Amino acid sequence: MRSTVPVPGSREIARVIADWFSRGARDLPWRREAVGDPGVRRDPYRVLVSEIMLQQTQVSRVVERFDPFLAHFPTIDRLAEADEASVLAAWSGLGYYRRARLLHAAARHIQREHDGRIPTDPARLAELPGVGRYTAGAVACFAFGASVPIVDGNIARVLFRVFDRRAVQGDAADMRWAWETADQIVRASSGHVPIPAINEGLMELGATVCVPGEPRCSRCPLAALCAGGAAGTANQIPSPRKTTARKSVFCSTALIMDRRGRILLERRPSPGMWSLMWQAPTLEREGVRRHAGAARFAAWLGVGVSALERLARFRHQTSHRTVHFECWRVRLDASQARPISASRRWVEPGELPGIGLSSPQARMIASAFSASSPRRGSPRARTLPR
Ligand code: SF4
């Protein structure tokens, strides 16, 4: 249902932002114009992939990973026909692997239900796995030029500030207001100002000028129209929402290599964090405030361990958890037969690029290959008590 929220100056805001965007848009790999297909502004497959990648991931990271992913899967059909392990491996470095699984499922849905062609209608797009109202609108608008509003975190922040709405981060009522306001702007501008340039311009402004925290109002094309900027309240909008404490997880990870230079990996359980990704054997403890300790860790490994050498300690933040990693190089007892269980296997170094690893695990495993001798300043190897 159409909203009745009055939005003064909607068309002026739209005109200014579209003009600013057309003059100064960043050159991003998914913004290339499509050629030769009437009604198509940009390649919808590239738009879909980029929008899924950009959810909760910085543009700079997506820029690094976008072309390599497209080189693996240049078309929707190639993605649909790929096996899940290769999709996860190509997604490596982007995090939030659930998105990769959903994109893969969306490609299969498009192949099965739409003959391999990405739908143009936002309602059909919103039926795809992993595609919500924002992503459906973005694909319909950026690829096919549809006159629909879209609101992501950047656009919401710009609108809150321009209209001096004292919004709270992530508040449902404030987000409803943002969608209604974006809808008013699109309706007021349709036929007068290109809608894709309005939507993408607002996103671009939120990402580069009207940034979280302190906005760069002196560089802003909307400065003369912005109520929050004029009132001096913009840097407090939106206000942070009360957060619940993050959970802590303590992970002790064993880097074990055999004489042939292979590394031992295991598959993570599903469901859960980094579901079904591969990792070096890791003892994970939630609800405690410390790592397991060397003797207990060795006992958990269930193999004959002659020495442990701690390589690194670091923290990794996920959306809901702080994961404390402790990374050990483990030397097996010479008498050890084979430290293999059903979920573990030896992996050749050359296989690693094709294996889905979470980013902290990829980091640790890279260190196992580079640190062939103890690093300066690292703790000495600890020989376990017999
Ligand atoms: S004037 Fe400042 S607060 Fe207003 S939209 Fe521009 S950058 Fe944001």
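Residues numbered from 1 in each chain as written. Predicted model: local features only at pLDDT ≥ 70, side-chain atom pairs only at ≥ 80, totals over all residues. Heavy atoms only, no water.

Asks: Now, about the site of the ligand: what can you tell me, with residues and values included?
Replies: Surveying the vicinity of the ligand reveals the residues Arg161, Val162, Cys210, Pro215, Cys217, Cys220, Ala223, Cys226 and Ala234. Partitioning the shell around the ligand into residue classes produces eight nonpolar, no polar and one charged. (Near = heavy atom within 4 Å. Nonpolar A, V, L, I, M, F, W, Y, C, P; charged D, E, K, R; others polar.)

Asks: Any details on the packing of helix H2 (residues 44-54) against helix H8 (residues 133-144)? Residues and values, ideally.
Replies: It is the contact of H2 with H8, at a shortest axis distance of 9 Å, that shows an interaxial angle of 145°. Relative to H8, H2 is oriented so that their crossing is right-handed. Seen from H2, the contacting residues are Pro44, Val47, Leu48, Glu51 and Ile52; seen from H8, they are Tyr134, Thr135, Ala138, Val139, Phe142, Ala143 and Phe144. The residue makeup of the contact of H2 with H8, split by class, is ten nonpolar, one polar and one charged. (Axes fitted to C-alpha atoms, helices over the stretch in contact; angles between N-to-C directions. Helix = DSSP H or I, 4+ residues; strand = E, 2+ residues; numbered from the N terminus. Left-handed = near helix turned anticlockwise from the far one by under 90°. Contact = heavy atoms within 4.5 Å.)

Asks: Tell me about the domain arrangement of the chain, residues and numbers included.
Replies: Domains assigned within the chain are domain 1 (42-144) and domain 2 (247-383). A C-alpha centroid distance of 31 Å is found between domain 1 and domain 2. The partner domain 2 presents twelve residues to the seven residues of domain 1 that form the contact. Buried area between domain 1 and domain 2, summed over both chains or domains, comes out near 680 Å², and the portion from carbon and sulfur atoms is 55%. The largest contributions to the domain 1 side of the interface with domain 2 come from Ala89, Tyr97 and Arg101, which together make up 54% of the buried area. In this structure, the connection of domain 1 to domain 2 is made through zero salt bridges. Counting the contacts that link domain 1 with domain 2 gives two residue pairs in polar contact (both at pLDDT 80 or more). If one sorts the elements of the side of domain 1 that touches domain 2 by residue count, helix H5 (residues 84-90) sits on top with three residues. In terms of residue class, the side of domain 1 that touches domain 2 is made up of five nonpolar, one polar and one charged. (Domains from an automatic or database assignment. Buried area = accessible area lost by both parts, 1.4 Å probe. Salt bridge = Lys/Arg side-chain N within 4 Å of Asp/Glu carboxyl O. Polar contact = N/O pair within 3.5 Å; in protein donor to acceptor, adjacent residues only side chain to side chain.)

Asks: Which residues make up the packing of aromatic side chains, and what values go with them?
Replies: What the rule picks out here adds up to seven aromatic pairs. Measuring from centroid to centroid gives 5.4 Å for tryptophan 30 and phenylalanine 66, while their planes differ by 70°, and the two rings are edge-to-face. A residue pair is termed long-range when its members are at least 10 positions apart, and tryptophan 30 in the loop between helix H1 (10-24) and H2 and phenylalanine 66 in helix H3 (residues 59-72) qualify at 36 residues. When sorted by exposure, tryptophan 30 lands in the same class as phenylalanine 66, which is buried. Grouping aromatic residues by their ring pairs yields a cluster made of Phe69, Phe73 and Trp91. The cationic tip of arginine 345 hangs over the ring face of tryptophan 278; the distance from NZ or CZ to the ring centre is 5.1 Å. (Phe/Tyr/Trp six-rings, centres within 6.5 Å; stacked < 30°, edge-to-face > 60°. Buried < 20%, exposed > 50% of the residue type's maximum accessible area, 1.4 Å probe, protein only. Lys NZ or Arg CZ within 6 Å of the ring centre and 35° of its normal.)

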